[in-house]
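Spelled out, the chains give:
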Amino acid sequence: DRMGLSYVPSFGNFVMVDFDTTERAMAVFQALLERGVFVRPLRFFQLPHCLRITVGLPEECDLLIEKMEEVVRLGIA
C-alpha cells in the first residue's frame, strides 16, 4: 500500500502484484533481478501483467522492500 502498488490480497505465502502491462511487469522483474531479488512472472498463468512475490525469511523480505522501493523511486514500477 505504502508504495502505491496494486496487489491481490492473499492468505497464502505469496502476493500477486498487478503492474497493469506486460512491459511494466517485465521491467520490474528485470530491475529486481539485477538487484539480486527473484520474483516470478505469471505470463504462463495468463497473467502477463503480474508478478508473484513469495514471502521469505525476514532478511529476504527486508531486501525485497528495499529494492522494490528503489524500483518505484526510479519510476520503473
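## Quick notes on the pairing of strand β4 (residues 47–54)
Pairing geometry for strand β2 (residues 14–18) and β4, over five bridges, is antiparallel. Along β4, the bridge assignment pairs Val 15 with Ile 53. Of the pairings in the sheet, the one linking strand β3 (residues 40–42) to β4 comprises three bridges and is antiparallel in character. Its bridge partner lying in β4, Arg 40 is registered against Arg 52. Once β3 ends, the chain turns through four residues before running back antiparallel as β4, passing Gln 46 with a positive phi of about 65°.

## Quick notes on the packing of aromatic side chains
Applying the stated criterion across every chain, the model contains one aromatic pair. Ring plane angle 75° and centroid distance 6.0 Å describe the contact between Phe 29 and Phe 38, whose orientation is recorded as edge-to-face. Sitting above the plane of the Phe 14 ring, Arg 52 keeps its charged end 3.8 Å from the centroid.

Rules behind the numbers
- Residues numbered from 1 in each chain as written.
- Predicted model: local features only at pLDDT ≥ 70, side-chain atom pairs only at ≥ 80, totals over all residues.
- Heavy atoms only, no water.
- Pairing = 2+ DSSP bridges.
- Helix = DSSP H or I, 4+ residues; strand = E, 2+ residues; numbered from the N terminus.
- Phe/Tyr/Trp six-rings, centres within 6.5 Å; stacked < 30°, edge-to-face > 60°.
- Lys NZ or Arg CZ within 6 Å of the ring centre and 35° of its normal.

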